[in-house]
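The chain contents come next:
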Amino acid sequence: MTAVVFIHGTGVREPGFSALAARFAAGLTTLREGLRIVPYYWGGTHGATLAAGGASLPPEAGTTRGLNEAPATADTAADPTAAWVVLYADPYAELALAAAGAEPKGERPPGLVPPDQRIRAELARLAAQGDALAVELGPGLARAANDLSAHPLLGPAAETLDPPDLAVLAARSLAARIIGGVLDADAPLVPVGDTRDAVVERLAEALGAPARGTERSVRSLVLRVAGSAASRAVVRRRRALTQAAHPAAGDVLRYLSRGEGVRADLRTLVAGLEEPVVLVGHSLGGVIALDTLICAPLPQVRLLVTAGSQGPFLYESGSLPRLEHPAPLPPHVPDWLNLYDPRDLLGYVGAGVFPGRVTDIAVDGRQPFPAAHSAYWTNPEVYRHIVERLP
């Protein structure tokens, strides 16, 4: 009877692990009877915990609350930083929100100047001056101004906003576009918020906004609609990554620095099983399985299966604990099936770094990242590929 050892990934704890292991068992045994499914739950013993109850996690902005206390309600108007979360991802987010409120316009009377003509002209003039007016943020002002002046949503946005307010919106869009480009660089050097805000004021005035200090109605347009949600999402993600209830980042760091125990327990588990044995590891679980097999032969293991795993990347980057690039994969490591979803940013391929030793197969869970990283065990395609290769 083939024994299939299921090794979970980061952040998995009970009771979630039991449900996950049951889903994995059902997916395999539906396609092939007579398998022995052996869950390896390492998270309870070897997973990361916050020994001081989260004392290292800073309190949320504007609060002095502890890790496990309910967060205070944020005054979004006093925290414009949240708006930039949205704008760095989409510099035209405010433009789209303003345009969404525009009423459909019929044919204009002859001679009536379109309301967006002025801002387009100002943007073209700004582009002609080059990047100097926003040099503190980085390169790209001229290109950003040209692109914004040609944007189709500028017209509808001009229908809903007064020219000074539209100038402020455009200035923030330009700054976000420039800083977004800086963030994509190999070694980003991002200006602090005070510098960014000073440049925004300068650009807004150049585009026709009132002088600095004048109240502007669109200052928190994106913040009111999307920024506060984005801010809460970022805070929740940070707390999730650091709390013991979901210690995904901590599990990775703990394994890479102190992984001997989890490997030793896996070897003990496998030693008690009759051959043939298959190791199936998700995410960090695949790294654990690979690392354990590299350490010393496990003759019972006939197949290694990894899904959404980082072993090849860790090896190539010099971070795999038990094998340093360019040393080859030891001959005692068994056949290796590596499943990855191209949308999963945490899934890597192995054939390029372990030529002839890994079979990479792409699977499509039809989910965006990060959901793609958790969709392997609900994907029938994954189970079919595994069962086809079981001894």
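Before any of the text, the structure's been laid out above.
Residue positions within a chain follow its written sequence, with the count starting from 1. In keeping with the predicted nature of the model, local features appear solely for residues at pLDDT of at least 70, side-chain atom pairs appear and are counted solely at 80 or more, and the whole-chain, interface and lining totals rest on all residues. As a convention, hydrogens and water are excluded, and side-chain values are obtained from all of the structure's heavy atoms.

Draft legend 1. Inspection of the sheet that holds strand S5 (residues 335–340) at higher detail. The parallel open sheet is built from 6 strands, whose spatial order is S2-S1-S3-S4-S5-S6. Taken across any chain shown, the strands that pair with only one partner, and hence form the sheet edges, are strand S2 (36–40) and strand S6 (358–362). Pairs of neighbouring strands in the sheet enclose a mean axial angle of 20°, with direction left out of account. In this sheet, S6 lies alongside S5 in parallel orientation, the contact comprising 5 bridges. Pairing of Asn338 across the sheet is with Asp360, part of S6. The strands that helix H1 (residues 16–29) touches are strand S1 (3–7), S2 and strand S3 (277–282); relative to S2, the one it contacts most, it runs at about 155°. A contact between two residues is defined here by any heavy atoms of the two lying within 4.5 Å. Fitted lines through C-alpha atoms give the axes, limited to the stretch in contact for helices. The angle between two N-to-C directions lies from 0 to 180 degrees. Each helix is a run of H or I in the DSSP string that is no shorter than four residues. Each strand is a run of E no shorter than two, and both are numbered from the N terminus. The sheet contacts of helix H13 (residues 284–295) involve S1, S3, strand S4 (301–307) and S5, and relative to S3 the element is tilted by about 140°. Should DSSP find at least two bridges between two strands, the strands are regarded as paired.

Draft legend 2. Focus on the packing of aromatic side chains. Aromatic pairs are defined between Phe, Tyr and Trp rings, using the six-membered ring for Trp, whenever the two ring centres lie within 6.5 Å; interplanar angles under 30 degrees are classed as stacked, those over 60 as edge-to-face, and all others as tilted. What the rule picks out here adds up to 11 aromatic pairs. Aromatic pair Phe6 and Phe17: ring centres 6.4 Å apart, planes at 10°, arrangement stacked. You can see Phe6 sitting in strand S1 and its partner Phe17 sitting in helix H1, a full 11 residues away along the chain. No difference in accessibility class separates Phe6 from Phe17, as the two residues are buried. An aromatic cluster is built from Phe6, Phe17, Phe24, Tyr41, Trp377 and Tyr383, whose rings are joined through pairwise contacts. Relative accessibility decides the category of a residue: with a 1.4 Å probe and only protein chains considered, values under 20% of the type maximum give buried, values over 50% give exposed, and everything between is partly exposed.

Draft legend 3. Representation of empty space enclosed by the protein within the structure. Space inside and on the surface of the protein is sampled on a 1 Å grid over the protein atoms alone, with a cavity defined as a set of points where a 1.4 Å probe fits but cannot get out and a pocket as an open set with protein on both sides within 12 Å along at least 5 of 7 lines; lining residues have an atom within 4 Å of a point. Grid points are joined across faces, edges and corners, and a volume is the space filled by probe spheres set on the points. Evaluation of the coordinates by the stated rule reveals 1 cavity of 30 Å³ or more. In this structure, the largest cavity occupies an estimated 60 Å³ of space. What lines the largest cavity is simply Trp42, His46, Asp251, Arg254, Tyr255, Arg258, Gly259, Gly261, Val262, Leu284 and Ile288. Mapped onto the lining of the largest cavity, the elements with two or more residues apiece are helix H11 (248–257), helix H12 (260–271) and H13. Charged residues are taken to be Asp, Glu, Lys and Arg, nonpolar residues to be Ala, Val, Leu, Ile, Met, Phe, Trp, Tyr, Cys and Pro, and polar residues to be all remaining types, Gly included. A per-class count over the lining of the largest cavity returns 5 nonpolar, 3 polar and 3 charged.

Draft legend 4. Looking closely at the pattern of salt bridges. The working definition used for a salt bridge is a side-chain nitrogen of Lys or Arg within 4 Å of a carboxyl oxygen of Asp or Glu. For the structure shown, the criterion picks out 11 salt bridges. Among the ionic pairs, Asp251 bridges to Arg13, the shortest N-O distance being 2.8 Å. You can see Asp251 sitting in helix H11 and its partner Arg13 sitting in the loop between S1 and H1, a full 238 residues away along the chain. Take Arg13: its relative accessible area is 14%, and that puts it in the buried class. Between Glu388 and Arg389 there is a salt bridge, with the nearest N and O atoms lying 3.6 Å from each other. Since its relative accessible area comes to 31%, Arg389 is described here as partly exposed.

Draft legend 5. Structural detail: unusual backbone geometry. Put simply, Glu14 and Pro15 share a cis peptide bond, and its omega is 5°. Relative to the helices and strands, Pro15 is located in the loop between S1 and H1. Note that the residue after Glu275, namely Pro276, is joined by a cis bond; omega there is 0°. Within the secondary structure, Pro276 sits in the loop between H12 and S3. The phi angle at Ser283 is positive, at roughly 55°, despite the residue not being glycine. A residue is classified by how much of its surface remains accessible, and Ser283, at 3% relative accessible area, is buried. At Arg366, a position not held by glycine, the phi torsion is positive, near 55°. Structurally, Arg366 can be placed in the loop between S6 and helix H15 (380–389). Exposure remark for Arg366: the relative accessible area of 71% places this residue in the exposed category.

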